[in-house]
Amino acid sequence: MNKVSKSPWLLHYDASSCNGCDIEVLDCLTPKYDIERFGIINTGDPFQADILLITGGINSQTERVVRQLYSQMPEPKVVVAVGICACTGGVFKECYNIKGGIDTVIPVDVYVPGCAARPESIIDGVVRALKVLDAKQAALKDSGR
Amino acid sequence: MIRIILVLAYLLLAPFLGALLDGLDRIISARMQRRRGPSLFQPFYDLGKLFSKELITVNNVQLLLNMSYLVILMIAGAMLFAGADLLMVLFILSTADMFLIMAASSDSSPYANMGASREMLQMMAYEPLTLLVAVGFYLTTGSFHVGDIINAPVSAVVFMPGLLVGFMFTAAIKFRKSPFDLSTSHHAHQEMVKGLTTEMSGMTLAIMNIAEYYEKILLFGIFCLFFVNSTWWSWVAAIVVCGVIFFMETLWDNVSARVKWKTLLYSCWVVTLVAGGVNILILMLDK
């Protein structure tokens, strides 16, 4: 019953996305996709979140924000990079202000490619992240924390 | 003897019942929005998860203040179910809320502080009516004691329908339902992150949630007082009416948008004055 994957709360952050992926993320909340049926709540608060869902590549302005959000989330936590920009930097990869994908700043657990990523693949990615979340929780328990 | 059983039942079962009601509320809300919604036991999963998460403490008093909120709410509820003084129950209820406000003000997050000041504003909005409800019970039954109120020959609601309507109106604040869900936010309302609970995580948040479940059952207990009289079937009627009130609060939550603080204050005071004040006036002239 204590499984964290039974009630994963999700924090969504737009690192520099064009909003295409963001709209698809919000799509997941609509009646058609309804991610709340997995117990997922879209929370705005890093202190209460288990999954950090980031869209867009990292630029020089959002780098410290992403670091801070990640550091404020209590363990166990996972990061899902949504969209090709969040995975690798996408078409903006060579831009002077873009550092690249999310994994240039914080460790990423699940990559969801696509431009824009479809709601189905976002849900798939989140569900895969839940398994990682459970594994991390088990690892934490084994290490006695 | 029956009082001890009632108090024990409240202390042990209220969080479970409150959590189940919360789960039911989420399912009903989802169905109203043509969604499937989470499982009925989702609040239990949430609590289990919160207790298992790493504890991030922003300062060393927040957990203690949240614990005080929980314990004082438990005392208030236990007093209600023990048949003690209703006025005292309501005062202790406000004291409990003060601890929550202190817990939120203790951290440095501007969102939490804003939530705390809004919570105080909400108290200002509902407190006058809650006191009038206690006065109404006194005028109707001649006693502030819950034990006497439930043994009256006629249900109190016959004499105080206005106060019931007013209490239903302001209960939306206590249940943290839209349109009066200003100090904290759930679901998609995120204009100030999580308000009061912004810097609460893990166990601290779980304790606050459990306290809210206790409060929910306490409020339904007060709703029951309106209907219960010396006959046995009035208890059944009271529970049925509580179910209807629960459904109406959920419906209201789903069909209304959040209001600004001024609208909250004015609307609550107008309802207090019109529904509550007129009812009290009639009672005072009549009795």
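In this text the structure is predicted, and so the values were computed from the model without any measurement. Residue positions are given per chain, counting from 1 as you read along its sequence in written order. For naming, the first written chain is A and the first written ligand is 1, with later ones following in the order written. With the structure being a predicted model, the display of local features is reserved for residues of pLDDT at least 70 and the display and counting of side-chain atom pairs for 80 or more, all residues being used for whole-chain, interface and lining totals.

Draft legend 1. Main features of the overall build of chain B. Every helix listed is a DSSP run of H or I at least four residues long, and every strand listed is a run of E at least two residues long, numbered separately from the N terminus. Regarding its fold elements, chain B presents 10 helices and 0 strands. Mapped in sequence order, the helices and strands of chain B form the string α-α-α-α-α-α-α-α-α-α. Its C-alpha atoms give chain B a radius of gyration of 19 Å, near enough to 19 Å, the size a compact globule of 287 residues would have. With respect to the three principal axes, the spread of C-alpha positions in chain B is 55 × 45 × 40 Å. Counting other C-beta atoms within 10 Å of each residue's C-beta, where C-beta atoms are placed from the backbone, gives the exposure class: buried for 20 or more, exposed for 12 or fewer, partly exposed between. Out of the 287 residues belonging to chain B, those deemed buried represent 49%. Any two residues are considered in contact once their C-beta atoms, placed from the backbone, lie within 7 Å. Here the contacts in chain B between residues at least 6 apart in sequence split such that 76% fall between residues at least 24 apart. Our radius of gyration is a C-alpha quantity, and the globule rule it is checked against amounts to 2.2 Å times the number of residues to the power 0.38.

Draft legend 2. Quick look at the overall build of chain A. Broken down by element type, chain A carries 4 helices and 7 strands. Ordering the α and β elements of chain A from the N terminus gives β-α-β-β-β-α-β-α-β-β-α. Its C-alpha atoms give chain A principal-axis dimensions of about 45 × 35 × 20 Å. A total of 145 residues make up chain A; the buried ones form 50% of that total.

Draft legend 3. Just helix 4 (residues 86-105) of chain B, in detail. Residue and element names in this part refer to chain B. Compared with the 28 Å implied by 1.5 Å per residue over 20 residues, the 29 Å span of helix 4 between its first and last C-alpha is a close match. Of all the positions in helix 4, only Leu86, Val89, Ile92, Leu93, Ala96, Asp97, Phe99, Leu100, Ile101, Ala103 and Ala104 are classed as buried. Looking at the buried residues of helix 4, the elements they touch are helix 3 (62-81), helix 5 (110-141) and helix 6 (146-149). To estimate how far a helix should reach, multiply one less than its number of residues by 1.5 Å.

Draft legend 4. Molecular detail of the interface of chain B and chain A. Taken together, the contact between chain B and chain A spans 27 residues of the former and 19 residues of the latter. Secondary-structure elements contributing two or more residues to the side of chain B that touches chain A are helix 2 (42-52) and helix 8 (202-227) of chain B. If one sorts the elements of the side of chain B that touches chain A by residue count, helix 2 of chain B sits on top with 7 residues. For the side of chain B that touches chain A, the residue count by class is 9 nonpolar, 9 polar and 9 charged. Nonpolar residues are Ala, Val, Leu, Ile, Met, Phe, Trp, Tyr, Cys and Pro. Charged residues are Asp, Glu, Lys and Arg, and all others, Gly as well, are polar.

Draft legend 5. Layout of the nonpolar core. Residues and elements named next belong to chain B. Ranked by size, the top nonpolar core spans 82 residues in total, and within it Tyr69, Leu73, Ala76, Ala156, Tyr214 and Leu225 carry the most contacts. At 18 residues, the largest contribution of residues to this core is made by helix 8. Look past the residues within four positions of Tyr214 in its chain and what remains in contact with it is Ala14, Pro15, Gly18, Leu73, Met74 and Gly77. We define the nonpolar core as any set of buried residues of the types Ala, Val, Leu, Ile, Met, Phe, Trp, Tyr and Cys, connected via C-beta atoms lying within 7 Å of each other.

Draft legend 6. Up close: the packing of helix 3 of chain B against helix 8 of chain B. Residue and element names in this part refer to chain B. Helix axes are fitted only over the stretch in contact, all axes being lines through C-alpha atoms; the angle between N-to-C directions runs from 0 to 180 degrees. In the contact formed by helix 3 and helix 8, the axes pass within 9 Å of each other and the chain directions differ by 20°. The angle between helix 3 and helix 8 falls in the class roughly parallel. In terms of crossing hand, the pair formed by helix 3 and helix 8 is left-handed. Residues Gln62, Leu63, Asn66, Met67, Tyr69, Leu70, Leu73, Met74, Ala76, Gly77, Leu80 and Phe81 of helix 3 lie in contact with helix 8, whose contacting residues are Thr204, Ile207, Met208, Ile210, Ala211, Tyr214, Glu215, Ile217, Leu218 and Gly221. The class makeup of the residues in the contact of helix 3 with helix 8 is 16 nonpolar, 5 polar and 1 charged. Roughly parallel covers angles under 35 degrees, roughly antiparallel covers those over 145, roughly perpendicular covers 65 to 115, and oblique covers all other angles. Note: crossing handedness is left-handed where the near helix turns anticlockwise from the far helix by less than a right angle, and right-handed where it turns clockwise.

Draft legend 7. Looking closely at the pairing of strand 1 (residues 9-14) of chain A. Residues and elements named next belong to chain A. Of the strand pairs in this sheet, strand 1 and strand 2 (residues 41-43) are connected by 3 bridges, and their pairing is parallel. The partner of Leu10 across the bridge, within strand 2, is Asn42. The crossover handedness rule: strands pointing away from the viewer, path from first strand over the helix to second strand clockwise, crossover right-handed. One crossover worth recording links strand 1 to the parallel strand 2 by way of helix 1 (residues 20-27), and it is right-handed. Strand pairing is assigned whenever DSSP identifies at least 2 bridges connecting the two strands. Of the strand pairs in this sheet, strand 1 and strand 3 (residues 51-55) are connected by 5 bridges, and their pairing is parallel. Considered in strand 3, the bridge of Asp14 is made with Thr55.

Draft legend 8. A look at the sheet that holds strand 3 of chain A. Residue and element names in this part refer to chain A. Ordered by their spatial adjacency, 5 strands build an open sheet running 2-1-3-5-7, and the pairing between neighbours is parallel. Taken across any chain shown, the strands that pair with only one partner, and hence form the sheet edges, are strand 2 and strand 7 (110-112). With strand direction ignored, the average angle separating the axes of adjacent strands in the sheet is 25°. Packed onto the sheet, helix 4 (residues 119-142) meets strand 3, strand 5 (78-82) and strand 7 and runs at close to 160° relative to strand 5.

Draft legend 9. Structural view of helix 7 (residues 161-174) of chain B. Residues and elements named next belong to chain B. Taking 1.5 Å as the rise per residue, helix 7 with 14 residues should run 20 Å; its terminal C-alpha atoms sit 20 Å apart, in good agreement. The buried fraction of helix 7 is high, at 11 of 14 residues. Among the residues of helix 7, Gly162, Leu163, Leu164, Gly166, Phe167, Phe169, Thr170, Ala171, Ala172, Ile173 and Lys174 are the ones counted as buried. On its buried face, helix 7 is in contact with helix 5, helix 8, helix 9 (233-255) and helix 10 (261-286). Within two residues after helix 7, Arg176 carries a phi angle of roughly 55°, on the positive side.

Draft legend 10. Structural context of the pairing of strand 3 of chain A. Residue and element names in this part refer to chain A. Counting buried positions along strand 3 yields 5 of 5 residues, so the element is predominantly enclosed. Of the two faces of strand 3, the one lined by Ile51, Leu53 and Thr55 and the one lined by Leu52 and Ile54 are each fully buried. Here strand 3 runs beside strand 5; their pairing, made up of 5 bridges, is parallel. By the bridge assignment for strand 5, Ile51 is matched with Val78.

Draft legend 11. Here's a closer look at the packing of helix 1 (residues 2-32) of chain B against helix 8 of chain B. All names here are of chain B. Where helix 1 meets helix 8, the closest approach of the two axes is 8 Å, and the angle between their N-to-C directions is 95°. Judged on the interaxial angle alone, helix 8 and helix 1 are roughly perpendicular. Contact with helix 1, carried on its side by Tyr10, Ala14, Pro15, Leu17, Gly18, Ala19, Leu21 and Asp22, involves Ile210, Tyr213, Tyr214, Lys216 and Ile217 of helix 8 and no other residues of that element. By residue class, the composition of the contact of helix 1 with helix 8 is 10 nonpolar, 1 polar and 2 charged.

Shape descriptors only; they carry no functional weight alone.
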